[in-house]
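Report on the structure
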Amino acid sequence: MAIRNSLSGQLLRRSSAVSGARFISSWFRSIEPAPKDPILGVTEAFLADQSPNKVNVGVGAYRDDNGKPVVLECVREAERRIAGSQFMEYLPIGGSVKMVEESLKLAYGENSEFIKDKRIGAVQALSGTGACRIFAAFQHRFHPTSQIYIPVPTWANHHNIWRDAGVPMKTFRYYHPESRGLDFSGLMEDIKNAPDGSFFLLHACAHNPTGVDPSEEQWREISSLIKVKGHFPFFDMAYQGFASGDPERDAKAIRIFLEDGHLIGLAQSYAKNMGLYGQRVGCLSVLCEDEKQAVAVKSQLQLLARPMYSNPPVHGALIVSTVLGDPELKNLWLKEVKVMADRIIGMRATLRENLEKLGSPLPWQHITNQIGMFCYSGLTPEQVDRMTNEFHIYMTRNGRISMAGLNTGNVGYVANAIHEITKSA
């Protein structure tokens, strides 16, 4: 009897184990592969291409005129200075206080009254993406009935961020395909027709993917209408300094809203303007009514960050705070970021000039009217496919060209390819 009971127990345990294993494995079976990221997919295809003429204008990362990645000298010097610190301890949940302080001065102004009055609740974030994600969670937690209006088009990840945070999304008109410029009347109409108190996502400068920014006067009109409607503006500023070469000029939209008395949210990133792509360093800030409110907001931002990633990485924060906190290094950074911006601006002029010299029947002034990393070329998905299949030039199918992928060695080739596929359009 004892032997039989023992065998029965073993069989029961084995049966339960098999059943459990079957259950554990079976819930994976319904999972389908996720769709490939369109931008990373472009890079994969480019790397697999064996053509000596291949060109990648799909990825938004700066390259010099030789097509090589760049480490800024101000960053190299900052790393030399911090190399001996051996700082490996955890940062606070809110990140580096020094980095946040310098970020606020860069965005809100060196002598900002809002900084002096301690009206800004801010935390270090995992670059611009992380800053947007924390704010989206903050919006969902404390304004659960709200929705956010996102421009058409926008950086694709904006949709993912607010969707995953559970915030309903609507869109507003922004790009005008026929003029390849700003649909200002449509934008203003959509702001006016949105329910009072809506959230609006705005690109502070160098709109991604179009490179189309409102003029200063248009920003003033946008600010005025948003204030009348009681909307909340959230700015994503991924390109301060990188767009025009002047961080003050690139922050103009934010300064206009501050002058008009708005409370704002702001995401900052140092990926493009300092070349710190892999360091994932950024800042999220929220301008509040007073210091007490700012303290409460910061505490809640930290509470949201805690279960996401506990606390942010230290190395990139040390680089940013060292560069921006030292007058000599900051001046060097200002010179270097202008060099990057000027090269992009120069490539725009050269691409347009080449197309016009080829006798293109199409207007190309939008190339130089747009600003920042990207040019919204106006190429159709079918034309982009021809660029890839016939000329080995890789870009996203919406026609977005990363101007950083162009250089004096390939811009003529790219211009010729664009001319070939558009001359009969």
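In what follows, the accompanying structure is described. All values reported here derive from a predicted model rather than from experimental measurement.

Reading guide: rules and limits
- Counting from 1, residues in each chain are numbered in the order their sequence is written.
- Local features in this predicted model are restricted to residues whose pLDDT is 70 or higher, and side-chain atom pairs enter the listing and the counts only when it is 80 or higher, whereas totals over whole chains, interfaces and linings include all residues.
- Side-chain numbers here rest on the full set of heavy atoms in the structure, without hydrogens or water.
- The numbering of helices and of strands both runs from the N terminus, where a helix is a DSSP run of H or I of at least 4 residues and a strand a run of E of at least 2.
- Throughout, exposure labels follow a simple rule: accessible area from a 1.4 Å probe, protein chains only, divided by the maximum for the residue type, with under 20% read as buried, over 50% as exposed, and the rest as partly exposed.
- Any pair of residues with heavy atoms lying within 4.5 Å of one another is described as a contacting pair.
- Accessibility throughout is a Shrake-Rupley quantity obtained with a 1.4 Å probe, and a residue counts as covered only by protein chains that appear here.
- In this tally, Lys and Arg are treated as positive and Asp and Glu as negative; His is ignored, and so are the chain termini.
- Every charge is mapped to an atom, namely NZ of Lys, CZ of Arg, CG of Asp or CD of Glu.
- The pairing criterion for strands is at least two bridges between them, as found by DSSP.
- With the strands aimed away from the viewer, a crossover counts as right-handed if its path from the first strand over the helix to the second runs clockwise.
- Fitted lines through C-alpha atoms give the axes, limited to the stretch in contact for helices. The angle between two N-to-C directions lies from 0 to 180 degrees.
- Only residues whose relative accessible area exceeds 30% and that form no salt bridge enter a patch; like-charged residues are grouped when within 9 Å of one another, and nonpolar side chains (Val, Leu, Ile, Met, Phe, Trp, Tyr) when within 5 Å.
- Basic side-chain nitrogens of Lys or Arg form a salt bridge, by our definition, when they fall within 4 Å of a carboxyl oxygen of Asp or Glu.
- Only the six-membered ring of Trp is used, alongside the rings of Phe and Tyr, when aromatic pairs are assigned; centres must lie within 6.5 Å, and planes under 30 degrees apart are stacked while those over 60 apart are edge-to-face, with the rest tilted.
- When the near helix sits turned anticlockwise from the far one by under a right angle, the crossing is termed left-handed; a clockwise turn instead gives a right-handed crossing.
- As a working rule, the residues Ala, Val, Leu, Ile, Met, Phe, Trp, Tyr, Cys and Pro are called nonpolar, Asp, Glu, Lys and Arg charged, and the rest polar, with Gly in that last group.

Some remarks on the overall build of the protein chain
From N to C terminus, the protein chain includes 17 helices and 13 strands. Across its three principal axes, the protein chain shows a C-alpha extent of roughly 100 × 60 × 55 Å. Residue burial in the protein chain is summarised as follows: out of 425 residues, 50% are buried. Within the protein chain, contacts between residues at least 6 apart in sequence are counted, and of these 76% link residues at least 24 apart. Roughly 20,200 Å² of accessible area belongs to the protein chain as shown, and the carbon and sulfur atoms make up 54% of that amount. Both charge centroids of the protein chain, one from 46 positive and one from 44 negative side chains, sit 8 Å from each other.

Looking at the pairing of strand β7 (residues 199-203)
For β7, the buried fraction is high: five of the five residues fall into the buried class. Every second residue of β7 is oriented toward a common face, with F199, L201 and H203 on one face and F200 and L202 on the other, all of them buried. One ladder, built from five bridges, connects β7 with strand β8 (residues 232-237); its direction is parallel. Within β8, the position partnered with L201 by the bridge is F234. With respect to chirality, the unit in which β7 leads through helix α9 (residues 216-229) into the neighbouring parallel β8 is right-handed.

Considering the pairing of strand β3 (residues 148-152)
Of all five residues that make up β3, four are buried, and the element is covered over most of its length. In this structure, β3 lies alongside strand β4 (residues 169-173), joined through five bridges in parallel fashion. Looking at the pairing, Y149 lines up with K170 of β4. In the classification by handedness, the crossover that spans β3, the intervening helix α7 (residues 156-164) and the parallel β4 is right-handed. Looking at chain direction, β3 and β7 are connected through two bridges and run parallel. Within β7, the residue paired with Y149 across the bridge is F200.

A few points about the environment of M188
Of note, M188 is situated in helix α8 (residues 184-193). Sequence separation between M188 and Q218 is 30 residues, and the spatial gap between their C-alpha atoms is 9.7 Å. The residues touching M188, leaving out its near neighbours within four places in the chain, are E221, I222 and L225.

Section: the sheet that holds strand β9 (residues 265-269)
Reading across the sheet, the seven strands line up as β2-β10-β9-β8-β7-β3-β4 and stay open at both edges, with mixed pairing between neighbours. A strand with exactly one partner marks an edge of an open sheet, and here the two such strands are β2 (120-125) and β4. Between one strand axis and the next, the sheet turns by 25° as a mean value, whatever way the strands run. In this fold α8 packs onto β4 and β7, with an angle of close to 140° to the strand it touches most, β4. Running at roughly 20° to β2, helix α12 (residues 291-309) makes contact with β2 and β10 (282-287) of the sheet.

Notes on helix α13 (residues 315-325)
Judged by how many residues are buried, α13 sits mostly within the fold: eight of 11 residues are covered. Within the span of α13, buried status applies to G316, A317, I319, V320, S321, T322, V323 and L324. For α13, the elements touching its buried residues are α3 (73-82), α4 (97-108), β2 and α14 (327-357).

Brief notes about a nonpolar patch on the surface
Judged by side-chain polarity, W27, F28 and I31 come together as a nonpolar surface patch covering roughly 350 Å² of accessible area. Here I31 lies in the loop between α1 (2-26) and α2 (38-48). Look at I31 and you get exposed, because its relative accessible area is 51%.

As for the pattern of salt bridges
Here the structure, examined in full by the defined rule, presents 23 salt bridges. For K423, the salt bridge is made with E420, and the minimal N-O distance between the two is 3.1 Å. Residue class for E420 comes out partly exposed when judged on its relative accessible area of 29%. By sharing partners, the salt bridges in this structure join E73, E77, R80, R81 and D326 into a single network.

Here we look at the packing of aromatic side chains
Per the counting criterion, the structure on display carries 17 aromatic pairs. Measuring from centroid to centroid gives 6.2 Å for F135 and F138, while their planes differ by 45°, and the two rings are tilted. Taken together, the residues span about one helical turn, with F135 and F138 both in helix α6 (residues 127-142) at a distance of three residues. Pair check on accessibility: F135 and F138 agree, each one buried.

Quick word on the side chain of S127
Structurally, the position occupied by S127 is in helix α6. Judged by its relative accessible area of 3%, S127 is buried. Here S127 is in contact with Q268, S269, A271, R280, V281 and G282, once residues within four sequence places are set aside.

Considering the packing of α6 against α7
Following both chains from N to C, one finds α6 and α7 inclined at 35°, their axes separated by 8 Å at the closest point. Like other packed secondary-structure pairs, α6 and α7 cross with a definite hand, here right-handed. For the pair formed by α6 and α7, the contact residues are T129, C132, R133, F135, A136 and Q139 on the first element and N157, H158, I161, W162 and D164 on the second. When grouped by side-chain class, the residues that make up the contact of α6 with α7 number five nonpolar, four polar and two charged.

Bear in mind that shape data such as this cannot, by itself, settle questions of function.
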